[in-house]
Amino acid sequence: MAIQANALPPSLVAEINELKRRINALERKPRPGSVNERLPVGMIQSPSLEGTQGAEFTHGLGIINTTGLNQPVIIAALPFHIPWDRGAAMDVSVTVWLEDGVTGGKTKEVTLNKALDQGGWTRTLTFSWIHPQPIGFDDDLVYKHIKIAYRVNKRVTASDGESLTVGVGLPSIVVGIPLGTYKEESTDGNPRIDGALTPVQD
């Protein structure tokens, strides 16, 4: 006599479905070395950000692929510099933040401008974000990402005719950091300039 599919108890069906979901999550888990690899840091003079000036325009510096991410913290460090012209720092400005492509959650925004200049040399903007994306066995998404977003608040035309704003280089990104690894972790990303990471001591 054939066994009908609906003969299984509901509790067993639910348990089988949960096991399938966990297996799918494990299959999508990144292999060692596919995450937590630091990207190259920009050179001493990072290129001027592209994009139209204005509060209504949001641009993307890049996308962090977080598919299979199973830890709640990411670290992002962006090298930047304020361009100079005719012997002085230019009055330029951009605002930067991280944005979750799943929930729409964002870090606190930080504005990079002339006040942060140190002789045209590179400084670093660092985020330590306890992000809102689903992780581990709660994650059944096929693709996830976090966007490095920015607005160009002010551009200035240099003496050579080039339109410039703040220069930002390639970010260094570390994903999959366990909660409680660094004291600077925060749900708003705790953006800071030239900020160090302080390990939590047991």
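What comes next is a walk through the structure. Values in this document were obtained by computation on a predicted structure and should not be read as measured data.

Conventions used here
- Residues numbered from 1 in each chain as written.
- Predicted model: local features only at pLDDT ≥ 70, side-chain atom pairs only at ≥ 80, totals over all residues.
- Heavy atoms only, no water.
- Pairing = 2+ DSSP bridges.
- Helix = DSSP H or I, 4+ residues; strand = E, 2+ residues; numbered from the N terminus.
- Axes fitted to C-alpha atoms, helices over the stretch in contact; angles between N-to-C directions.
- Salt bridge = Lys/Arg side-chain N within 4 Å of Asp/Glu carboxyl O.
- Buried < 20%, exposed > 50% of the residue type's maximum accessible area, 1.4 Å probe, protein only.

### Digging into the sheet that holds strand E5 (residues 93-100)
Two pairing modes exist for strands in a sheet, parallel and antiparallel, and in both the strands are linked by backbone hydrogen bonds.
Reasoning step 1: Taken in spatial order, the 4 strands of this open sheet run E1-E8-E5-E6, and their pairing is antiparallel. Among the strands making up the open sheet, the edge pair consists of strand E1 (59-65) and strand E6 (110-113). The sheet shows a mean angle of 20° between the axes of neighbouring strands, direction not considered.
Reasoning step 2: Of the strand pairs in this sheet, E1 and strand E8 (residues 145-154) are connected by 6 bridges, and their pairing is antiparallel. Bridging across to E8, histidine 59 finds its partner in tyrosine 150.

### Some points on the pattern of salt bridges
Reasoning step 1: Summed over all chains, the structure comprises 3 salt bridges.
Reasoning step 2: With its nearest N and O atoms 2.6 Å apart, the salt bridge here joins lysine 154 to aspartate 91. Of the two residues, lysine 154 is situated in strand E8 and aspartate 91 in the loop between strand E4 (88-89) and E5; the sequence distance between them amounts to 63 residues.
Reasoning step 3: Residue lysine 154 is classed as partly exposed on the basis of its relative accessible area of 33%.
Reasoning step 4: Since its relative accessible area comes to 39%, aspartate 91 is described here as partly exposed.
Reasoning step 5: A salt bridge links arginine 123 to aspartate 194, with the nearest nitrogen and oxygen atoms 2.7 Å apart.

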